[in-house]
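Chain by chain, the residues run as shown.
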Amino acid sequence: MVDSQYYLPNDIGISALDCHEAFRLLSPQEKKYAHYLSRAAWYGGLVVLLQTSPESANIFVLLQRIFRKQTPEQLEDVAKAAGLSSDEYQAFLVYAAGLYANMGNYKSFGDTKFIPNLPKDKLEALVRASQAFQENPTAMEALWSSSSCLIYSLEERQKQLGLGNKGITTYFSGNCCLEDAELAQRFLDSKKLSAYNTRLFKRDNGGKPCYEVRLASAVQKDCAVDGECESSCGSFNFEDKEFIVKRGDYSPLMEKVCHYLQQAQAYAANENQKKMLEEYRRSFEFGSIEAHKEGSRYWIKDKGPIVESYIGFIESYRDPFGSRGEFEGFVAVVNKAMSERFGKLVSSAEVLLPELPWPQEFEKDKFLKPDFTSLDVLTFAGSGIPAGINIPNYDDIRQSEGFKNVSLGNVLAVAYATQKEKLTFLEENDKDLFIKLKGPSFEVQVGLHELLGHGSGKLFVQDDHGKFNFDQSKVVNPETGEKVSSWYQGSETWDSKFSTIASSYEECRAECVGLYLCLNKQALSIFGHDAQDAEDVVYINWLSMVRAGLLGLEFYTPESKSWRQAHMQARFVILRVLLEAGEGLVGLEEVTGQDGKPDARITLDRSKIGTVGKNAIHRFLCKLQVFKSTADVEGGRALYEGYSTVSDTGAHNFLRLRETVLLRKEARKMFVQANTRISGENVELVEYEGSAAGLIRSFTERFQDDAEQLEATLLDLSKTDASCWC
């Protein structure tokens, strides 16, 4: 029996993202703008296959070829004739849908591998009986042979993403370890190069290691080309090691992205959008993060657009070192009614920020009021869809020029709906209120987390000219009572300094801000919650957080003592902080369920949230911010890794509780997204049903214009680096 965490269950939740009404209300120009941006996002999103695992692109092509010839409905008869039961065929469809939804064969949320929940010989029989195989046996045989072993392999290293012997990654060649990642980061810092759009390949050069830093770009030449002042490529000696900076990673896909961004430019609503797209195009053409930053500046200036979008190498959660960005692109339509609430929250930010527990000197000099909108997603290409986003991730821009927040309304509407019988670890008398207020409380948490969590706090910096952005002769560290003695220097960033813990630590800080500020009556009132309703929302928000902390144990790997998901690690840390607060605030006990199997119960004393709970988060949040502001990696690591420890000693046996969580876990939902297509002068929205078959059809129809060429491109890109992962 394969452990259930390594396959997706047949009854996994699959929901269609509804954007019909939002799209209908767009003008013809806006529809074309949204269409071409969506095309850019979808083609760029294919990069994630190559960023996830050595086999992901091959599996994607195998599935595309099968389903382009036969729809899931047509293939069902073939499966029956090949000896598959209806459950086995459904398991195949769920696996295919999972690969599309995660853009690879590792879960985007948790980074564990998933394999088909049917015997290998049954899947092989289906592949061989398919029309695609019958029509082109040589190519399909080669595809199956190259990927079948890795589709099913659950060797220790292949069970999860990670660096070196801890897991699989394609951000680094297989012979790289943590020391190589650290060396490469120092090299990149010395060259003032961002790691966001890079991968690192280590090769042997006459017995000496040679490191290739590869930039994602359409251009493959390393010398400066037309439209470029200088190139950052070349060969360099650093710490007695050879580094070569090259271009052209994912080149054909980057070309596609550039092509569609140029098409979208013709339908932009204003100059900011045109300049933004021009800079993005330059970024993907030349491999320039500086151009992407410039595009992001125009994006911030594009206030309140009807069609909102962002695209690039953005989130660094899945790089085991925490510096390289996974490609994503989204296109969404503003929900005006909900955005009005978020606008009120932005207006109240300057009143709410001083409520946070750190001294004024540790807050940004000026709160740069961002756009905060609720969006209905039309397209979200990448490995998964979040509920809210705070971008750009460039510290220097966020600190001095601003950022934007978005809450994804149609994702929230379906992602967190829960059935009572599937609600684990809560007391019966909490369940009805939890189901009623989980959505509204999460909306409050997302708003506070994104705007005042990620949007708050200052980084102390000394720039390349020796100038400080704070008065180092006066600012006192509240944790030590002494003057601040450390800060960021030159091109150092939060991600480059705190590397492997940066993402989770920052998510934890933002989650704590949400918990802390949801106690503020003004903040709750903005979201329409007053009196008893407000108290109930606070209770369910805090209860959701402590329950999420327990659920987070699913994403911990005891063998390597590592966490696989930044947000869930953050929530576990918060659970530990609140348990440590004592005084009966949080109760966590192991019990036996009605089915006779191990279970657990979480309780929260709502009368102590505003006292014991608030004080605990106050103290912890202040520490998190001070370590972050002062670039105190040592102090920050000690604090965060201490609370992240999962052991079987102490008041709670978390390793045993992890087994209980795995026993009772519910699979994360998948989303089916619509396609757009040009029909004469109009743009049509093509929608699909919320099922595995619907998700599969959406992907086969998404790339039908150039399917064969695209599949050949993906196989070439995969084959080029195949020898690097061994």
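This text follows the structure it describes.
Not measured: the values here are computed from a predicted model.

Chemist: Explain unusual backbone geometry to me, and be specific about the residues and the numbers.
Modeler: The omega angle of the peptide bond from Ile391 to Pro392 is 5°, so this bond is cis rather than trans. Mapping Pro392 onto the fold places it in the loop between strand E9 (388–391) and helix H15 (395–400). At Phe425, a position not held by glycine, the phi torsion is positive, near 70°. Mapped onto the elements of the fold, Phe425 is located in the loop between helix H16 (409–415) and helix H17 (428–453). Relative accessible area serves as the criterion here: at 2%, Phe425 is assigned to the buried category. Phi is positive for Ala531, which is not a glycine, with a value near 55°.

Chemist: Hey, could you go over the pattern of salt bridges for me, with residue numbers and the actual values?
Modeler: Counted under the stated rule, the structure contains 52 salt bridges. For Lys192, the salt bridge identified is with Asp464, shortest N-O distance 3.4 Å. Linking Lys192 in the loop between helix H10 (178–190) and strand E2 (198–205) with Asp464 in the loop between strand E11 (461–462) and strand E12 (488–489), this pair joins segments that are 272 residues apart in sequence. A salt bridge links Arg571 to Glu511; the nearest nitrogen and oxygen atoms lie 2.7 Å apart. Of the two residues, Arg571 sits in helix H21 (residues 566–580) while Glu511 sits in helix H18 (residues 494–517), which places them 60 residues apart along the sequence. By the burial criterion, Arg571 is buried, and Glu511 matches it. It is possible to trace a salt-bridge network through shared partners that takes in Arg199, Arg203, Glu212, Arg214, Asp249 and Asp721.

Chemist: Explain the packing of helix H7 (residues 120–129) against helix H9 (residues 137–152) to me, and be specific about the residues and the numbers.
Modeler: Angle between the axes and distance between the axes: these two values describe a pair of packed helices. Contact geometry of H7 with H9 gives a least axis separation of 12 Å together with a crossing angle of 160°. Between H7 and H9, the interaxial angle falls into the category roughly antiparallel. Along this stretch, H7 crosses H9, giving a crossing that reads as right-handed. Counting all contacts with H7, which are made through Lys120, Leu123, Glu124, Val127 and Arg128, the residues of H9 involved are Glu141, Trp144, Ser148, Cys149 and Tyr152.

Chemist: Which residues make up the state of the cysteines, and what are the values?
Modeler: In this structure the tally under the stated criterion is zero disulfides. Residue Cys176 stays outside any disulfide, its sulfur separated by 7.3 Å from that of Cys177, the closest cysteine. Exposure remark for Cys176: the relative accessible area of 2% places this residue in the buried category. The thiol of Cys508 is unpaired, and the distance to the nearest cysteine sulfur, on Cys512, comes to 4.4 Å.

Chemist: How would you summarise the packing of H18 against helix H20 (residues 531–551) if you had to cite specific residues and measurements?
Modeler: Where H18 meets H20, the closest approach of the two axes is 9 Å, and the angle between their N-to-C directions is 150°. Between H18 and H20, the crossing angle belongs to the class labelled roughly antiparallel. Helix-helix and strand crossings are classified by hand; for H18 and H20 the assignment is left-handed. Here Glu511, Gly514 and Leu515 of H18 lie close against H20, whose contacting residues are Asn541, Trp542 and Met545.

Chemist: Give me helix H6 (residues 86–102): which residues, what numbers.
Modeler: Compared with an ideal rise of 1.5 Å per residue, which puts 17 residues at 24 Å, H6 spans 24 Å between its outermost C-alpha atoms and is within 8% of the ideal. Counted residue by residue, H6 has 13 buried out of 17 residues, so it is predominantly covered. Just downstream of H6, Met103 is the residue with a positive phi angle, here 50°.

Chemist: Which residues make up the sheet that holds strand E3 (residues 208–216), and what values do they have?
Modeler: The sheet built from four strands is open, its strands ordered E2-E3-E5-E4 with mixed pairing. The outermost strands of the open sheet, each flanked by one partner alone, are E2 and strand E4 (234–238). For this sheet, the mean angle separating the axes of adjacent strands, direction not counted, is 30°. As defined by bridge partners, E4 adjoins strand E5 (residues 241–249) across five bridges and the pair is classed as antiparallel. What sits directly across from Phe238, in E5, is Lys241.

Chemist: Before we move on, could you go through helix H11 (residues 251–265) and cite the residues and values that matter?
Modeler: Helix length check: H11, at 15 residues, gives a terminal C-alpha distance of 21 Å against a target of 21 Å (1.5 Å per residue), a fit within 8%. Listed as buried for H11 are Ser251, Leu253, Met254, Val257, Cys258, Tyr260, Leu261, Ala264 and Gln265.

Chemist: So what about the side chain of Arg214? Which residues, and what values?
Modeler: As for its position among the elements, Arg214 is in strand E3. Here the side chain of Arg214 touches Glu212 through a polar contact of 2.9 Å, side chain to side chain. With residues near it in sequence (within four places) discarded, Arg214 still touches Asn197, Thr198, Arg199, Phe201, Arg203, Lys246, Arg247, Asp249 and Asp721.

Chemist: Before we move on, can you summarise the sheet that holds strand E7 (residues 326–334) with the specific residues and values?
Modeler: Taken in spatial order, the five strands of this open sheet run E6-E7-E8-E10-E9, and their pairing is mixed. Across the chains shown, the open sheet's two edge strands, defined by having one partner strand only, are strand E6 (307–315) and E9. In this sheet, adjacent strand axes meet at a mean angle of 35° when their direction is disregarded. As judged from the five bridges shared by strand E8 (residues 371–381) and strand E10 (residues 404–408), these two strands associate in the parallel manner. Residue pairing across strands places Leu375 opposite Leu408, the latter belonging to E10. Packed onto the sheet, helix H2 (residues 28–45) meets E6, E7 and E8 and runs at close to 60° relative to E8.

Chemist: Which residues make up the nonpolar core, and what are the values?
Modeler: Counting residues in each nonpolar core, the largest one holds 117 residues, and the members touching the most others are Leu46, Phe60, Phe92, Met254 and Phe284. With ten residues, H6 is the single largest residue contributor to this core. Not counting residues within four places of it along the chain, the set of residues in contact with Phe60 comprises Leu46, Leu49, Leu99, Tyr100, Met103, Phe699, Phe703 and Leu714. Listed in part, the 92 residues of the second largest apolar core include Met338, Leu553, Val577 and Val646.

Chemist: Requested: an account of the packing of aromatic side chains, with residues and values cited.
Modeler: Taken as a whole and judged by the stated rule, the model has 40 aromatic pairs. Considering the side-chain rings of Tyr211 and Phe243, the 4.9 Å spacing of their centres and the 15° angle between planes classify their relative orientation as stacked. One end of the pair, Tyr211, is in strand E3; the other, Phe243, is in strand E5, with 32 residues separating them in the sequence. Pair check on accessibility: Tyr211 and Phe243 agree, each one buried.

Chemist: An account of a negative patch on the surface is requested, with residue identities and associated values reported.
Modeler: Among the surface-exposed residues, Glu73, Glu76, Asp77 and Glu689 lie close enough to one another that they form a single negatively charged patch. Checked against the element boundaries, Glu689 lands in the loop between strand E19 (682–686) and helix H25 (692–702).

Chemist: Can you break down the side chain of Lys431 residue by residue, with the values?
Modeler: Position of Lys431 relative to the elements: it lies in helix H17. Engagement of the side chain of Lys431 in a polar contact is seen with the side chain of Glu428, the distance being 2.9 Å.

What counts, and at which threshold
- Residues numbered from 1 in each chain as written.
- Predicted model: local features only at pLDDT ≥ 70, side-chain atom pairs only at ≥ 80, totals over all residues.
- Heavy atoms only, no water.
- Helix = DSSP H or I, 4+ residues; strand = E, 2+ residues; numbered from the N terminus.
- Buried < 20%, exposed > 50% of the residue type's maximum accessible area, 1.4 Å probe, protein only.
- Salt bridge = Lys/Arg side-chain N within 4 Å of Asp/Glu carboxyl O.
- Axes fitted to C-alpha atoms, helices over the stretch in contact; angles between N-to-C directions.
- Parallel < 35°, antiparallel > 145°, perpendicular 65-115°, else oblique.
- Left-handed = near helix turned anticlockwise from the far one by under 90°.
- Contact = heavy atoms within 4.5 Å.
- Disulfide = S-S within 2.5 Å.
- Expected span 1.5 Å × (residues − 1).
- Pairing = 2+ DSSP bridges.
- Polar contact = N/O pair within 3.5 Å; in protein donor to acceptor, adjacent residues only side chain to side chain.
- Core = buried A, V, L, I, M, F, W, Y, C linked by side-chain atoms within 4.5 Å.
- Phe/Tyr/Trp six-rings, centres within 6.5 Å; stacked < 30°, edge-to-face > 60°.
- Patch = residues over 30% accessible without salt bridge, like charges linked within 9 Å, V, L, I, M, F, W, Y side chains within 5 Å.
- Areas by Shrake-Rupley, 256 points an atom, 1.4 Å probe, with all protein chains shown as cover.
- Lys, Arg positive; Asp, Glu negative; His and termini not counted.
- Charge placed at Lys NZ, Arg CZ, Asp CG, Glu CD.

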